[in-house]
Amino acid sequence: MPPKVDQQKCDGCKGEKEALCEAICPGDLMYLKEDSLKADCRSPRDCWDCMSCVKACPQGAIETRLPYQLGYYPAKLIPLLGSKRVSWTCIGQDEKVERFSYKNRND
Amino acid sequence: MAKGKILVVGGGIAGLTAAEKLARAGVAVALAEKSPYLGGRVARLHRYYPRMCPPRCGLEVLIKSLSRFSHAEIHLITEVTGVQRSIPGLYTVTLQKKSTDLNQQAEELVIDAQGIIIAAGADLYNASLIKEYGYGRLPGVITSMEMESLFRPEGPTGGLPVHPVTGGPLRRVAFIQCVGSRNKNHLPYCSGYCCTVTLKQVQYLHQSLKDIRTWIFYQDIRTPGSKEEYYRHVREEYRPVFIRGLPSSVEFKADSNELLLKSEDTLSKKRVTGSFDLVVLATGMVPPALTHFYGIEKDTFGFFSGHTPCEPSELRRSGIWAAGCSQSPMDAGDSVKSALAAVTQCLVKLQQQPSVYPEINTKKCDRCGRCVKECAYGACIMGSDGYPAVDPGDCRSCGICQGGCPLLCINLPGYGGKKIEEIVDRALSESSPGPSILLFLCGNDTYPAWIKLVTQVNGRGLEGIIPCSVPCIGAVNAAWINEALISGLDGVMLAGCHPDQCHHAVGTSLAATRLENLKETLSRMRLEPERVCLTGITIDESAKLLEEIEKFRTLLEKLGPNPFK
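**Student:** Can you walk me through the overall build of chain B in this structure?
**Tutor:** A count of helical and extended segments in chain B gives 13 helices and 25 strands. By its C-alpha atoms, chain B is 95 × 60 × 40 Å across when sized along the principal axes. Across the 565 residues in chain B, those meeting the buried criterion constitute 49%. Pairs at least 24 apart in sequence give 69% of the contacts found in chain B among residues at least 6 apart.

Have a look at this one:
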């Protein structure tokens, strides 16, 4: 299911030519709307749920909904990036919450 | 550091003072004045207080001295048409220089300026906007600036204090104070200099005319400091009539060629009417319109004021200083003082040792430009290679760019991500019974308050707190907070200055926005958003800091341990 952009939180990467979600999307699906300079997905059906944009967004403004087959609303999968670790919060359709956090960078 | 001139915008008393002092210090200066003459408004005065000497004298000393230096350029009839920051540390300023020969085309000048002193002065409030005084409509209603020229040999009356329209003698003169000033429909502020100007003009009149009566309609006479002594002198020596109340109307009586003033004396609660030969309006000042300077903060009235009281002349664009009436309404003496302050700041910038400034990892940077947008000082700009670059001379080491970088590729040495990671790792390896809290402390206010607190309580009651000082609370990157939370620390507290007291102007408010965004994400993750909080602490509020910590700890105890633990 396509990314949903919180229009309040999105700041259009401060009006830059290419927002971070736009730059990272492997399918070139994200763009900044001309009038509001907020991000949006141009072709929701083409999204593969890779969640790159969710992780890249510095404002935490993007959320992807899980595909219906995996779990209908309110099931969620939310990544949160630290400086060395990444965490995943998995909320099932039965509201069960599972959390994973592991190191993904060594330097 | 890049080399360039210092550009002084405005050739009034402030601009001339600044340019002359810099030239004497051996700095290459360029002075741009939009009118065809130097000296600005001071050149059109008859005398200036407190010594009552002619301003010509002071101005000529400055102009003579300035024109002696080969490294000082003076450009008249020249206006700034563009200011660009192209290389770190340099402004490329385009100027349009007109010629006194009307047949000639205006010439375009480009100056590489290492710094700019804005001494563009201020305009006088348009007195005709106050309809009831009839300025521009009634003969004999003049502004205090026009009153000055009545005493000057090159003025319209040849220096004779006579009626400027009829040429008749002056017997009764009224002064109206606060013309536009302290009136929310016109100028909400006090211009500060007009009371003393009126006192000075009362002195002019009484010294040159024997049978003169002067009246002053005022709200409050404001003569702070040593000017009070001058006020007392004028009051006792010349005995003008003070009426506390501003006139409600000025009418012209054609048969007797007199102006009729109606007012209320608010002290005696009586109506006052008087007829006068001349009415002088003491007008306030309005800020200059300088449209080519981008990103410079103005105060609520539109003047270019720096961070008072710490850095009054340094504006938030590094390398741009304000002096004279562009800063706030002021008299000649204060203009000179503010010009000297700007010169000092400018020389400090030119001579200072390089400070700690952020390093940018261009391998990781994807040129999003957030650092350029968020830098409060304009010190971080997109360099010619397309990557952000910071000029060490411009940077004030606040680390706000580091806090905003989504890719963590900006590092302020000594305060960067490495240090935070070490602190977090160390905290995780130690175990304490209560909640573990990562506490970010702003280096300006909160860290000193914390140090004082630690010595006061001797560490008791602060178990489980992991302190971490940052130059500004805006230097805290959201990824660090995430890191702490997903590693299993129970809470993160950001203690910064109060938003309106932030030394780097936008640090606390940026941190607040970042935290609000994070809190929303946390609540979606079913992680209590209360685990992160921001608080404002001033340097003397150690007790409040302790209180806030205790409150936060009680809250965390109620919430239980971090589910990521």
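**Student:** Would you mind going over the overall build of chain A with me for this structure?
**Tutor:** What chain A contains, in helices and strands, is three helices and seven strands. Summarising its shape, the C-alpha atoms of chain A cover approximately 40 × 40 × 25 Å along the three principal directions. Pairs at least 24 residues apart make up 43% of the contacts formed inside chain A by residues separated by at least 6 positions.

**Student:** Honestly, the environment of D220 of chain B in this entry has me stumped. Any pointers?
**Tutor:** Position of D220 of chain B relative to the elements: it lies in the loop between β10 (213-218) and α5 (227-238). Accessibility expressed as a C-beta count within 10 Å gives 11 for D220 of chain B, which makes it exposed.

**Student:** In this structure, what is going on with the pairing of strand β11 (residues 241-244) of chain B? I would like to understand it.
**Tutor:** On a regular strand, each side chain points to the face opposite its neighbour's, so the side chains alternate between the two faces of the sheet. All names here are of chain B. Inspection of the sheet shows β10 paired to β11 by four bridges, in the parallel sense. Its bridge partner being in β11, F217 is matched across the sheet by I243. Each parallel crossover has a hand, and the one from β10 via α5 to β11 is right-handed.

**Student:** How should I be thinking about the interface of chain A and chain B in this particular structure?
**Tutor:** It is common to give the size of an interface as the accessible area that goes away when the parts come together. Counting residues at the interface gives 25 residues for chain A, matched by 24 residues for chain B. Elements supplying a minimum of two residues to the side of chain A that touches chain B: α1 (12-15), α2 (20-24), β5 (76-81), β6 (85-91) and β7 (97-103) of chain A. Residues of the side of chain A that touches chain B, tallied by class, amount to ten nonpolar, seven polar and eight charged.

**Student:** Sorry if this is basic, but what is going on with the packing of helix α10 (residues 446-457) of chain B against helix α13 (residues 542-559) of chain B here?
**Tutor:** How two helices pack is summed up by the angle between their axes together with the distance between the axes. Residue and element names in this part refer to chain B. In contact at an axis separation of 8 Å, α10 and α13 are set at 80° when each is read in the N-to-C sense. With respect to α13, the element α10 is oriented roughly perpendicular. Seen from α10, the contacting residues are T446, A449, W450, K452, L453 and Q456; seen from α13, they are S542, L545 and L546. Counted by class, the contact of α10 with α13 contains five nonpolar, three polar and one charged residues.

**Student:** Just to check I follow, could you spell out the environment of K5 of chain B for this structure?
**Tutor:** Take K5 of chain B: it is sitting in strand β1 (residues 5-9). Residues K5 of chain B and Y91 of chain B lie 86 residues apart in sequence; the distance between their C-alpha atoms is 9.6 Å.

**Student:** What's the story with the pairing of strand β9 (residues 172-179) of chain B in this structure? I'm lost.
**Tutor:** Residue and element names in this part refer to chain B. Where burial is concerned, most of β9 is hidden: seven out of the eight residues are buried. Across five bridges, the pairing between β9 and β10 is parallel. For F175, the partnering residue across the bridge sits in β10 and is I216. Crossover β9 to β10 through helix α4 (residues 194-208) is right-handed. By the bridge criterion, five bridges tie β9 to strand β15 (residues 278-283) in an arrangement that is parallel. Paired with F175 across the two strands is V280, which belongs to β15.

**Student:** What exactly am I supposed to notice about the nonpolar core here?
**Tutor:** Inside soluble globular proteins, nonpolar side chains tend to come together where they are buried. Residue and element names in this part refer to chain B. Ranked by size, the top nonpolar core spans 73 residues in total, and within it L438, F440 and V470 carry the most contacts. Of the residues forming this core, the biggest block, seven residues, is contributed by helix α11 (residues 478-487). Among all residues touching L438, those that are not within four sequence positions of it are V424, A427, I466, C468, A484, L489 and V492. Membership of the second largest hydrophobic core comes to 51 residues, among which are V42, V80, F293 and V343.

**Student:** Got a minute to help me understand the sheet that holds β15 of chain B in this structure?
**Tutor:** Within a sheet, neighbouring strands are paired by backbone hydrogen bonds and run either parallel or antiparallel to one another. Residues and elements named next belong to chain B. Ordered in space as β8-β15-β9-β10-β11, the five strands form an open sheet in which the pairing is parallel. The open sheet is flanked by β8 (141-143) and β11, the only strands paired with a single partner. Strand-to-strand twist in this sheet, taken as the mean axis angle between neighbours without regard to direction, amounts to 25°. Of the strands in this sheet, β9, β10 and β15 are in contact with α4, which crosses β9 at around 170°.

**Student:** Looking at this structure, I do not really get the sheet that holds strand β23 (residues 465-470) of chain B. What am I missing?
**Tutor:** Residues and elements named next belong to chain B. Taken in spatial order, the four strands make up an open sheet running β23-β22-β24-β25, and their pairing is parallel. A single partner strand is all that each edge strand has here, and the edge strands are β23 and β25 (532-536). Neighbour to neighbour, the strand axes of the sheet diverge by 20° on average, direction disregarded. Where strand β22 (residues 437-442) meets β23, six bridges bridge the pair, whose relative direction is parallel. Bridge pairing in β23 places L441 opposite S469. In this fold α13 packs onto β22, β23, β24 (491-496) and β25, with an angle of close to 160° to the strand it touches most, β24.

**Student:** Mind showing me how you'd approach the packing of helix α9 (residues 417-429) of chain B against α11 of chain B here?
**Tutor:** Residues and elements named next belong to chain B. Contact geometry for α9 and α11: axes closest at 11 Å, N-to-C directions at 15°. When the axes of α9 and α11 are compared, the pair comes out roughly parallel. The two elements α9 and α11 meet at a crossing, and its hand is right-handed. Contact residues: G417, I420, V424 and L428 in α9; W480, E483, A484 and S487 in α11. Among the residues making up the contact of α9 with α11, the classes are represented as five nonpolar, two polar and one charged.

**Student:** Looking at this structure, I do not really get the environment of P358 of chain B. What am I missing?
**Tutor:** Residues and elements named next belong to chain B. Relative to the elements of secondary structure, P358 occurs in the loop between α6 (332-351) and β18 (359-360). When the C-alpha atoms of P358 and C398 are compared, they prove to be 9.2 Å apart, with 40 residues separating the residues in sequence. Sequence-distant contacts of P358, that is, excluding residues within four places in its chain, are made with V390, G399, C401, Q402, I410, N411 and L412.

**Student:** Can you walk me through unusual backbone geometry in this structure?
**Tutor:** Working note: non-glycine residues mostly have negative phi, and peptide bonds are mostly trans. Put simply, Y49 of chain B and P50 of chain B share a cis peptide bond, and its omega is 5°. Tracing the sequence through the fold places P50 of chain B in the loop between β2 (29-32) and α2 (55-67). The step from T308 of chain B to P309 of chain B runs through a cis peptide bond, and the omega angle for that step is 0°. Positionally, P309 of chain B belongs in the loop between β16 (285-286) and β17 (320-322). Positive phi, close to 55°, is recorded for L37 of chain A, a residue that is not glycine. Structurally, L37 of chain A can be placed in the loop between β2 (30-32) and β3 (39-41). In the Ramachandran plot, R367 of chain B falls in the positive-phi region, its phi being about 60° despite a non-glycine side chain. Looking at where R367 of chain B falls in the secondary structure, it is placed in the loop between β18 and α7 (370-374).

**Student:** Help me understand the confidence of the model for chain B in this model?
**Tutor:** Interpreting fine coordinate detail is not advised for predicted regions of low pLDDT. Summary statistics for chain B give a mean pLDDT of 91 and a share of 99% for residues scoring 70 or more. We note a pTM of 0.80 for the whole complex and an ipTM of 0.90 for its interfaces.

**Student:** Would you explain helix α12 (residues 507-524) of chain B in this entry?
**Tutor:** Spacing of three or four residues puts side chains on the same side of an α-helix, whose turn is 3.6 residues. Taking 1.5 Å of rise per residue, 18 residues should cover 26 Å, and α12 of chain B covers 26 Å from first to last C-alpha, within 8% of that figure. Residues of α12 of chain B that are buried include every one of G507, T508, L510, A511, R514, L515, N517, L518, T521 and L522 of chain B, and no others. Tucked into the core, α12 of chain B has its buried residues touching β5 of chain A together with α7, α8 (400-404), α11, β24 and β25 of chain B. Within two residues after α12 of chain B, R526 of chain B carries a phi angle of roughly 60°, on the positive side.

Calculation criteria
- Residues numbered from 1 in each chain as written.
- Chains lettered and ligands numbered in written order.
- Predicted model: local features only at pLDDT ≥ 70, side-chain atom pairs only at ≥ 80, totals over all residues.
- Helix = DSSP H or I, 4+ residues; strand = E, 2+ residues; numbered from the N terminus.
- Buried ≥ 20, exposed ≤ 12 C-beta atoms within 10 Å, placed from the backbone.
- Contact = placed C-beta atoms within 7 Å.
- Pairing = 2+ DSSP bridges.
- Right-handed = clockwise from strand over helix to strand, strands pointing away.
- Nonpolar A, V, L, I, M, F, W, Y, C, P; charged D, E, K, R; others polar.
- Axes fitted to C-alpha atoms, helices over the stretch in contact; angles between N-to-C directions.
- Parallel < 35°, antiparallel > 145°, perpendicular 65-115°, else oblique.
- Core = buried A, V, L, I, M, F, W, Y, C linked by C-beta atoms within 7 Å.
- Left-handed = near helix turned anticlockwise from the far one by under 90°.
- pLDDT = per-residue confidence, 0-100.
- Expected span 1.5 Å × (residues − 1).

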